[in-house]
Every structure is written in C-alpha cells, then in structure tokens.
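Given next are the chains, with one letter for each unit.
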Amino acid sequence: MSATVATTCPYCGVGCGVLAQVAVDGAVSVQGDVAHGSNHGRLCVKGAALGETVDLQGRLLHPKLRAEDGSFRRASWDEALDRVADGFRRIVDQHGPDAVALYVSGQLLTEDYYVANKLAKGYLGTANIDTNSRLCMSSAVAGHKRAFGEDVVPGCYEDLDQAELIVLVGSNTAWCHPVLFQRMVRAQENGARLVVIDPRFTATCESADLHLPVKPGTDVWLFNGLLSFLFQHGVMDVGFVDTHTDGLNATLATAAAEAGDYATVARICGVQLSDLLAFYRLFARHERVVSLFSQGVNQSSSGTDKVNSIINCHLLTGRIGRPGMGPFSITGQPNAMGGREVGGLANMLAAHMELHDPVHRDIVQSFWSSPHMAAQPGLKAVALFDAVLEGRVKALWIMGTNPVVSLPDADRARRALNACELVVCTDVIEHTDTNRHAHVLLPALAWGEKDGTVTSSERRLSRQRPFLPVPGEARADWRIICDVAQRLGFAEGFGFQSPHEIFIEHARLTAFRNHPPGNGDLPASPRQLNLSGLTSLTRQAYDSMRPVQWPVREDGSGTARLFAGGQFAHPDGRARFVATSGRAPANATDREYPLVLNTGRVRDHWHTMTRTGKSPRLAGHTSEPYVDMHPHDALRSGVRAGELASVHSRWGSMVARVRHGGGVLAGTVFVPIHWNDQFASDARVGGLVNPVVDPVSGEPEFKHTPVRVEPFPVRWYGFAIGRQSLPTSALSYWTLIRGDRFLRYEIAHRERPGDCSAWARTWLGAHTSDADWLEHDDPSSGIYRAAWAVEGRMEACVFLSSRPDLPSRHWLARLFGQERLTESDRAGLLAGEPPGAGIDAGPVVCSCFGVGRNTIAEAISADDLDTPAQITAALRAGGNCGSCIPELRRLIAETRAAPTV
Ligand SMILES: Nc1nc2c(c(=O)[nH]1)N[C@H]1C(S)=C(S)[C@@H](COP(=O)(O)OP(=O)(O)OC[C@H]3O[C@@H](n4cnc5c(=O)[nH]c(N)nc54)[C@H](O)[C@@H]3O)O[C@H]1N2
Ligand SMILES: Nc1nc2c(c(=O)[nH]1)N[C@H]1C(S)=C(S)[C@@H](COP(=O)(O)OP(=O)(O)OC[C@H]3O[C@@H](n4cnc5c(=O)[nH]c(N)nc54)[C@H](O)[C@@H]3O)O[C@H]1N2
Ligand code: SF4
Ligand SMILES: [Mo]
C-alpha cells in the first residue's frame, strides 16, 4: 500500500474529504476523511466508488490532431501546441480578439481556471471565456450580486445542524448532495422540519415533513406570497431592515400585486391552499430557517428572480449570517465556487471584480501588467455557441466540459463546432460526443493525478492532491494553458512552474487594493473574497494546507459566516430587496407539444458518464435512459411502461424507455441528463432543450421544454451481455452499461431477424469451432435466447422477444463472475429464468453492498422490517453511504401496502 493521501472528491459541490491509497497491484481504495470539515468521514456512493473510475481505459493519453477524413492521429506536444497557438494568433490578428473564445468548466481546479481567465481577459484581450457554470449556478451568482453586492454564499453546512426548518427549493439533495442530505436527516431526527418544493416527488421528498409539488416555474409566486404573508403577520426584523437593507417597499408592492391573495397563489402554484399556508406558517414560526436551492431554481428563464424572491424573505426577517439560518445556494460541481472566485464567467473579472467597473479593471490590469485587457463583458455560453455557428467566433478551446451533450439545443451546439475553423478540446477521455468535433485533442491529468485547490458550496478551499503517476503524456490543465500562452508571446505572465505559484498569485490578487477581512467598520465596500492569510504560503504550507473557508484573515483563520454584522458588499453597505414578478416559463403552452420536459440527475451517475460510466457498482442503479411519465399522459400518448418512446420538441428528439413511478406531475415528463452517443443510440436530452435563457444571468431553462411523446415502434426487444463490445450501428435502439467483467446492451429493432440463430452468432462473433452454443428458439411466441460459452465459461448471451418483458438480467450477470457454468446454470439459460427459487436479487438498490430490490422486499415481508435501520441490520443495505435510505423507506411503504397472498 502507498501512503495515504488526503484529497477532495471530484464530484459534487459538497466537497468531501477523501483519503486515497494505492495497493501494490495498482488498485485504488478510498475512504472518507474524518478530519475534513465538509463530511467528517462520510462519503456517498459516487465518492465511495472513486477507486473504480481511475483506470486508464478510454483515457486520452497523447495529443491528437484530426485529419481531413475525420480520423485522429497522434502528434507531439510541440506540434499540437503550435497548432493551437498559431491558430489563435492568426485569428486574433485577422479578426480581433473577440473572434476567439474559451469554454471552460467547474471541474477545473482553481489554478487551471485562474490562468485560463488571465490568458483570455488579460492577455488575449477578450472576455469571451465562459464556463459550464453558466448552465449551473449563474442565476445564483446574479441573484447574490443583486442582493448582496457580491457573489457570496453567506452560510455554512453547520447551519443545517442548527436549523429548526430546512426548505429545499428545486433540489434533489438526497441524490445530488447525499452527504449533506444525511446531515439534514440527522437534523430532522433532532427536531428540525424539512420542506421540499419540487414538482416531482423525488427521493428527497421521501424524508420531507411537507412536500409542495409546485407547477414548474412558479417559485417566484410562491415566495412573493411568503413575503406578503410574513409582512402581514408582522414577522419582520424592523431594525435589520431599516439599518441594513434597501428597497423593501417597492418589493412588497410588487409581491402583493402579484400574489393578490393566498388562494390565488395556491392556484397559480398548483398546490393545496392548506399546504401553502402550512409552509408559510412554518417559515413564520421558526427563526432558524435555511432555504437551500439549486437547479429547480437556477435553471429557469426566471432563475435570477427566483433566487432573489427567496433571499427577500430572509432579508425581511433578518435571518442571514447567523447560526442556523440563511439563503443557501448549493453548488453542483466540485469547483463551481473556485471558478467564480477567479472570474471564469464572461461577465466577471478575477477575484470577484467586475468587468464593467473601471476601478476593478484598473486593479486587475495593474496587478497582471496586462498588455491587452478585455474592456467589456464577453459572450455567455448559449450566445457564445451562437456566435461560433454564425462565424463570429472562429476558434474555440473547450476544457473539461462536454457541450455537445450538456448545452440546450445541443444539436445546434454540434453544428456550431462543425462550422468552427479551430476547435481545441482538453479532456481526460478520448471518445466523447464533443471530442469528435475537435481539430486538436489535448490530454489532461485526471482526478488522482492533478494537483491544486477547489472550493465547496460553503466557501471552503480544499486541496486536491495527486496519488497516481502521470499517465502517458497527459499534462495538467494549467500547464497546457501556460504552454499555449508562452507560444503566444506571453512568457512574462505565464512562467508558472507549479500550481502553488499560481495559487499565491490568485490569493495576492484577492487581497490587492482590498480591505483586510473581518473588519466590518470600514466605510467603503471591501471585496468579501479575500485570501490575505494565504498570500505567503510556502510550497510546503500549500501542500499541507488544511481546508479553510474564505475570507481568510491574516492569521490564517477562516470565516464560517458572512454578513452577520449586516454589512453587505454594495457601496453603501446595505443589502437590496429586489422586486420580482412571477413569469411563466417560455413557451409555457404549446398545442403541438403538450407536455413539459423536466431534466435532471440520477443517483449514481455524474453528468455525461465519462467517469461514473466506468464503475460497475454505479451502473447497476439506473441502467438505461428513461422518460418518466404520469400514467394518464402515457395512455394519452399511446405509450406503455417498459416500451420505447420517442420524445420530440421544437429543437430535437430522442428515444428512451417509458417508466412510471418517478413521482412526476401529470402534464410533465422527466428525463435524466446523463446518456449520450457513447452510451446509447439516441438519448441525448440536451438536443431537445429550449435554448431560452434567463435575461439577467443567461442561464438556460433546462427544467421546462414543451414536448410530445410518441411510440417508438419496434418489432423486437432484447438484451445481450458479453465480455467484448458489440457492433451497434445496425440496431434501431441500443444502450450500454459496464458491469463487473461484462458489458450489457439493451437493444431493439424494427425488423425481426429471419434466422435468429444465424443473426445471433454473427452479432456476438460466436463462429469459432470451440463454441459451446446453447439456444432456445420459439418463433410462435417470438422468443429467442442463446448463450455462448468458451471452455465452460460464459462468453456472451442474448435474449430476444417480441415484447419488452424479458427475463431479469441480474442473475445472468452473476454468471460472468463464475469460472464455469454449472448444469443448473445451463438449464436456467435455456429456460430463461434463474434456476431454483428466489435467487434473483433484482435491480440494485444499495450500490455499496450490491443489495437488490427483490432481496430487500423479501426481507421486509418475511422479517416484518419497519425501518431502514432494521434493513441495514439484516442485509447491510444502507449501512455505508446512506444514499439508498430514501429508497429503502419507499420499499417499506410499498411492500407494506402490497396485498399479501
Ligand atoms: N448523482 C449526481 N449528483 C450530482 C450531479 C450528477 O450529475 N449526479 N451533478 C452535480 C451538479 S453539477 C449539480 S448542478 C447538482 C444539481 O443538483 P439538483 O439541483 O438537486 O439536481 P437536478 O436533478 O438537476 O434538479 C433538481 C430538482 O429541480 C426540480 N425542478 C424542476 N423544475 C422546478 C421548478 O420549477 N421549481 C422547483 N422548485 N423545482 C423544480 C426537478 O424536479 C429536480 O428534482 O447536482 C450535483 N450532484
Ligand atoms: N438537460 C440538461 N442539461 C444540463 C443540465 C440539466 O440539468 N439538464 N445541467 C447543466 C449543469 S448544472 C452542468 S454542471 C452541466 C455539466 O455538463 P458537462 O460539463 O458537459 O459534463 P461532464 O460530463 O461533467 O463533462 C466534463 C468533461 O470533462 C472531462 N474531464 C474530467 N476531468 C477533467 C480534468 O481534470 N480536466 C479536463 N480538461 N477535463 C476533464 C470529462 O471527461 C468530461 O468529458 O450540464 C448542464 N446541462
Ligand atoms: S456528497 Fe458524494 S459526490 Fe458529493 S463530494 Fe461527497 S462523496 Fe463526493
Ligand atoms: Mo451543475
């Protein structure tokens, strides 16, 4: 075993501390870091499975250049970097700096992000650098700036422990921020109440005391109603409002005019009046309220107003900056916050300074000694890709993000890349939907190899440290950027030799011409983001840096909460109420597209699956892309659960399996965001999403696109499990997951093969003479199954049927872990069902211990289990990361409700 390295999880913005070790055989094991303030030793299932995602399979390990015919050839670093630098230089010379752009990511480290931003805004002289955080947090950023004068999350995780009431708005925290959610559940056990505001009944709602299934897009009405209610009932901190805020009257007038009466609010929001009032009373009654929000709020054409409508209620009651209370924007990506700190958004400068402010521009320019400073805000993500399509931006460098999957109207983004003169992609994985369109591919270091800092949702800086060797020719993102900058003639500003040197420069800029933190009495407005205590860290001190929350004082101590003294970052020190009016989502009604598409995450996958797609443990929970529908809508659309459907919008279409039970409201459907061309034939939901954006933040409306669902007609359904990858181009439908020692394909086709046996042998490549071929063909019932063994060991199997009700895949998958098939396995393969009774565990619920749904349901009925804790005691399920506890709770309810036979 190698020495233990303390690092930070590369997934969500909770920012959990991870201890990693490498065994002699190269296997990586991870555990939660008990000493880390973000998680105190806990990890969710994605964090716990990190060791399964660090292998080199599929990694981009060498620079590559694309030839005319679309193929890629290996190139030296010199050749690839020259290509990038020459291309950028030529285009800037011919068309000016705004003809080039960078599109970066909240998954870069702060040091990478800092140099990318410095290159664009300070040296190339364009603010055309935007980030996938535009798709994620930009409404929260804009809301914070309007209310507080700076992009600041005032509170910290400890507030959740101390809150009496936690309100989750548009957040499926149980799945997306699981370690933090466990903390909320513990707070609930200690008496806190939990309210969830979400059109879907999510896993998070399983634990809620009250769920308000609001109509999509109506949050502003709900919070305007709350503001009026609080004011009417005298729930207000008059002293705080008078001394520390501005704009209440106009905001109240708008809220009152909008809200009218509570019955109207309830009707607009589509919730019961009694539930609405129950929420308002809870909010009124409890001083210590945390309102935590994420994408149900941000990803909306009224996202910024939603944010401010929530903050308004906290300002009115003075519930901000003190223990147990405050509005809390929870961030998605591991370094969404770090990116904001260094100014990765096209409308920001660095260190929380503003591009449009001449004083700020002067501070940054003099600090950087910039030769060409960007003078005005650049293009935001959606507009940036429009400019690429229209030829206004001619060179685009994409780092650490997969826009052909994740942008709205993603087919248009793909067309934009095809039209672009020079597309450069820096990634860790070779084959992605975006990389396919690159002219130059640059290999970056991945998690476990790279070195730097990230900032979590609660402003906590935490180190990512390397524990794996550099693979192939991969280089750190910061180094690649500096390499290009130097070739562009900017050796002066980019001579960094280590992330430590970059971090120090970044820390010094936060403190440059700024007030020392912790001194609320200064008259002019200090910038809250201030790392003065870190500006002179030695290399050694940087390497051993403990997690710390900014602002960081001279003595190195951090700050848990901001704004406690009522000093905000606007020039007059006062916070602003922002008058917000309810606005229906764009194209809210559309007769041709009568349903509303909502998109979001599943528990065990991360974004475009480049990393979680490698882990068998994570693949088991949700194995196929799906469209979750209300049964009435399915009936009306002529589709059935288990069958395939195509989903259409004005922008594009996709195909997925129809599902019920995801808790969607009638009139809405939900599709997960993760699947793409690497894992399915046609399941990129981004292709459907309306590219309308919030007018203030530029964040797209990912949660609301009018769609229509239609049957996707096929003649047969099937699946195959095998040790090798299979050709998919001839199939009408396929999806892929990676299992333990096997790959599993779900397939369907418009035509049934004339001779199933011949087709199956050819497809599986099973024409060797040593093949041990088992087969059952029943054309009258439309069923065909075959299994192929080599020297008694399972090689592949394929099951076809004219209907989607195929046998369980779980017992079959198990056979790939055996050295030999037994006689009863063979009998089972021929019969199409597990040999013996009750050994099919069913789909995985607990990924940590691999416990299936059937096993759990059986134990619940057989042993009369009532609580998730009892299930854990009996089966271990739920006993590690706890991510499946909401599902255990649901299973208990369902099993108990099922009639006994
Ligand atoms: N497992 C997993 N975890 C992740 C990620 C991942 O890919 N996988 N990604 C990370 C990232 S980058 C992010 S940004 C976060 C996102 O974390 P979340 O914001 O929690 O996740 P989402 O699933 O995008 O959406 C949240 C909820 O918003 C609801 N919603 C839709 N419309 C409305 C509305 O009009 N009003 C309200 N109130 N709610 C609405 C949706 O039904 C959904 O349940 O997760 C992070 N964590
Ligand atoms: N329909 C719909 N679309 C959405 C959303 C939604 O809710 N609905 N949510 C949006 C949100 S909140 C987000 S955050 C985005 C996420 O969307 P993306 O950012 O597009 O998704 P990822 O899969 O995280 O892409 C990261 C890429 O960077 C690579 N990578 C990983 N580590 C490194 C590294 O260290 N260096 C480099 N150079 N590359 C690396 C990965 O292999 C991968 O290709 O999706 C957005 N799109
Ligand atoms: S909650 Fe899970 S995904 Fe998020 S940082 Fe912690 S371990 Fe990683
Ligand atoms: Mo995100």
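Residues numbered from 1 in each chain as written. Chains lettered and ligands numbered in written order. Predicted model: local features only at pLDDT ≥ 70, side-chain atom pairs only at ≥ 80, totals over all residues. Heavy atoms only, no water.

For the protein chain, the name recorded in an unreviewed UniProt entry is Molybdopterin-dependent oxidoreductase, with Dyella halodurans as its organism. Recorded under Sequence similarities (unreviewed entry), the UniProt text for the protein chain is reproduced unchanged: "Belongs to the prokaryotic molybdopterin-containing oxidoreductase family. NasA/NapA/NarB subfamily." (UniProt positions renumbered as here; feature names shortened; annotations may be inferred.)

Enquirer: What is the right way to read the overall build of the protein chain from this model?
Expert: Secondary structure assignment for the protein chain yields 30 helices and 34 strands. In summary, the protein chain has a C-alpha radius of gyration of 27 Å against a globular reference of 29 Å for 901 residues, a match within 12%. By principal-axis analysis of the C-alpha atoms, the protein chain measures approximately 85 × 65 × 55 Å. Burial statistics for the protein chain: of 901 residues in total, 64% are counted as buried. (Helix = DSSP H or I, 4+ residues; strand = E, 2+ residues; numbered from the N terminus. Rg over C-alpha atoms; globule rule 2.2 N^0.38 Å. Buried < 20%, exposed > 50% of the residue type's maximum accessible area, 1.4 Å probe, protein only.)

Enquirer: Help me understand the UniProt feature "domain: 4Fe-4S Mo/W bis-MGD-type" (unreviewed entry) in the protein chain in this model?
Expert: The sites that carry the UniProt feature "domain: 4Fe-4S Mo/W bis-MGD-type" (unreviewed entry) are, in the present numbering, residues 2-58. Secondary structure content for residues 2-58 is 7% helix and 26% strand, while the C-alpha to C-alpha distance between its ends is 25 Å.

Enquirer: Can you help me understand the pairing of strand β17 (residues 452-455) in this one?
Expert: A regular strand places its side chains on the two faces of the sheet in alternate fashion. Along β17, one buried face is formed by Gly452 and Val454 and the opposite face, lined by Thr453 and Thr455, is buried too. Here β17 runs beside strand β18 (residues 460-464); their pairing, made up of four bridges, is antiparallel. Note on β18: the bridge partner recorded for Gly452 is Gln464. Connecting β17 to the antiparallel partner β18 that follows it, the hairpin turn spans four residues, and Arg459 within it adopts a positive phi of roughly 65°. (Pairing = 2+ DSSP bridges.)

Enquirer: What am I meant to see in unusual backbone geometry here?
Expert: Most of the time, phi is negative for any residue but glycine, and the peptide bond is trans. Here Trp550 and Pro551 are connected by a cis peptide whose omega angle stands at -5°. Within the secondary structure layout, Pro551 lies in the loop between β19 (548-549) and β20 (575-576). Despite not being glycine, Arg459 has its phi angle at roughly 65°, a positive value. Within the secondary structure, Arg459 sits in the loop between β17 and β18. Relative accessible area serves as the criterion here: at 0%, Arg459 is assigned to the buried category. We note that Phe563 has phi near 70°; this positive angle belongs to a residue other than glycine. With respect to the helices, strands and loops of the structure, Phe563 is situated in the loop between β19 and β20.

Enquirer: Quick question: what am I supposed to make of the sheet that holds strand β12 (residues 289-293) here?
Expert: Strand pairing in a sheet is mediated by backbone hydrogen bonds. Such pairs are either parallel or antiparallel. The five strands are arranged β10-β9-β8-β12-β13 in an open sheet whose pairing can be described as parallel. The open sheet is flanked by β10 (210-212) and β13 (326-329), the only strands paired with a single partner. Ignoring strand direction, the axes of neighbouring strands in this sheet form an average angle of 15°. Bridging between strand β8 (residues 165-169) and strand β9 (residues 193-197) involves five bridges; their strand directions are parallel. Bridging across to β9, Leu168 finds its partner in Val196. Where helix α8 (residues 219-232) meets the sheet, it contacts β8, β9 and β10, and its direction lies at approximately 140° from that of β9. Contacting β8, β12 and β13, helix α14 (residues 303-316) runs over the sheet at an angle of about 175° to β12. (Axes fitted to C-alpha atoms, helices over the stretch in contact; angles between N-to-C directions. Contact = heavy atoms within 4.5 Å.)

Enquirer: Looking at this structure, I do not really get the pattern of salt bridges. What am I missing?
Expert: Two side chains carrying opposite charge are able to pair once their charged atoms lie near each other. Across all of its chains, the model carries 53 salt bridges by this definition. Asp386 is the salt-bridge partner of Arg412, the closest N and O atoms lying 2.9 Å from each other. With Arg412 in helix α19 (residues 410-419) and Asp386 in helix α17 (residues 381-389), this residue pair connects regions lying 26 residues apart in the sequence. The class of Arg412 is partly exposed, set by a relative accessible area of 25%. Three or more residues joined by partner-sharing salt bridges are found here, namely Asp411, Arg414, Arg436, Asp677 and Arg684. (Salt bridge = Lys/Arg side-chain N within 4 Å of Asp/Glu carboxyl O.)

Enquirer: In this structure, what is going on with empty space enclosed by the protein? I would like to understand it.
Expert: Take a probe with the size of a water molecule and roll it over the atoms, and the empty space left behind shows itself. What the rule picks out here adds up to eight cavities of 30 Å³ or more. Approximately 840 Å³ is the volume found for the largest cavity. For the largest cavity, the lining is made up of 49 residues, of which Gln107, Gly400, Thr401, Trp606 and His607 are closest to its centre. Elements with a minimum of two residues in the lining of the largest cavity: α18 (403-406) and β15 (422-427). Looking at the lining of the largest cavity residue by residue, the class counts come to 21 nonpolar, 18 polar and 10 charged. Forming the walls of the second largest cavity are 46 residues, and the residues nearest its centre are Gly170, Gln295, Gly296, Thr599 and Lys703. (1 Å grid on protein atoms, 1.4 Å probe; cavity = no way out; pocket = protein on both sides within 12 Å on 5 of 7 lines; lining within 4 Å. Points joined across faces, edges and corners; volume = space filled by probe spheres on them. Nonpolar A, V, L, I, M, F, W, Y, C, P; charged D, E, K, R; others polar.)

Enquirer: In this structure, what is going on with the layout of surface pockets? I would like to understand it.
Expert: Looking at the largest pocket, its volume works out to about 1,200 Å³. Residue assignment for the lining of the largest pocket shows that the elements contributing at least two residues are β22 (626-629), β24 (653-659), β29 (742-749), β33 (844-846) and α30 (885-897). Per element, the largest residue contribution to the lining of the largest pocket is five residues, and it comes from α30. Considering only enclosed or pocket space, the second largest pocket measures out at about 670 Å³ in volume. Along its surface, the second largest pocket is lined by 27 residues, and Pro616, Asp740, Phe742, Ala813 and Val844 are the ones closest to its centre.

Enquirer: I keep staring at helix α25 (residues 756-764) and nothing clicks. Help me out?
Expert: For an α-helix the count is 3.6 residues per turn, leaving residues at separations of three or four pointing the same way. Regarding α25, the residues found buried are Cys756, Ser757, Ala760, Trp763 and Leu764. One side of α25 carries all its buried residues, which in axial view fall inside an arc of 140°. Among the residues of α25, the N-terminal cap falls to Asp755, whose side-chain oxygen and the backbone nitrogen of Ser757 are separated by 3.1 Å. Positive phi shows up at Gly765, right after α25, with a value of about 75°. (Arc of directions from axis to C-beta. Polar contact = N/O pair within 3.5 Å; in protein donor to acceptor, adjacent residues only side chain to side chain.)

Enquirer: Would you mind showing me how to read the site of ligand 3 here?
Expert: Lining the immediate environment of ligand 3, one finds Cys9, Tyr11, Cys12, Gly15, Cys16, Leu43, Cys44, Lys46, Gly47, Pro178 and Val179. Within the residue set of the shell around ligand 3, elements represented by two or more residues are α1 (45-48) and α7 (178-189). Of the residues belonging to the shell around ligand 3, the class tally is eight nonpolar, two polar and one charged. (Near = heavy atom within 4 Å.)

Enquirer: I tried to follow the domain arrangement of the protein chain on my own but got confused; where do I start?
Expert: By a frequent convention, interface size equals the accessible area lost on bringing the separate parts together. If you check the domain split of the protein chain, you get domain 1 (5-53), domain 2 (64-136 + 335-515 + 526-549), domain 3 (138-330), domain 4 (595-711), domain 5 (716-831) and domain 6 (844-897). Taken over C-alpha atoms, the centre of domain 2 sits 44 Å from the centre of domain 6. (Domains from an automatic or database assignment.)

Enquirer: I keep staring at the site of ligand 1 and nothing clicks. Help me out?
Expert: What surrounds ligand 1 is a group of 34 residues, the closest being Asp198, Gly217, Ser294, Arg601 and His605. Ile197 places a main-chain nitrogen or oxygen 3.0 Å from a nitrogen atom of ligand 1. Within the backbone of Arg603, an N or O atom sits 2.9 Å from a nitrogen atom of ligand 1. Notes on ligand 1: free accessible area 920 Å², of which the protein chains cover 99%. Contributions of two or more residues to the shell around ligand 1 are made by α6 (173-176), α13 (295-298) and β21 (595-600). Among the residues making up the shell around ligand 1, the classes are represented as 10 nonpolar, 16 polar and eight charged. Each of domain 3 (138-330) and domain 4 (595-711) accounts for three or more of the residues forming the shell around ligand 1. (Areas by Shrake-Rupley, 256 points an atom, 1.4 Å probe, with all protein chains shown as cover.)

Enquirer: How should the environment of Ala507 be read in this particular structure?
Expert: Mapped onto the elements, Ala507 comes out in helix α21 (residues 499-511). Linking Ala507 and His144, residues 363 residues apart in sequence, is a C-alpha distance of 22 Å. If we skip the residues at most four places from it in the chain, Ala507 touches Leu531, Leu534 and Thr535.

Enquirer: I tried to follow the environment of Cys176 on my own but got confused; where do I start?
Expert: With respect to the helices, strands and loops of the structure, Cys176 is situated in helix α6. Given a relative accessible area of 18%, Cys176 falls into the buried group. Sequence separation of Cys176 and Ala446 is 270 residues, and the distance between their C-alpha atoms is 22 Å. With residues near it in sequence (within four places) discarded, Cys176 still touches Cys12 and Arg601.

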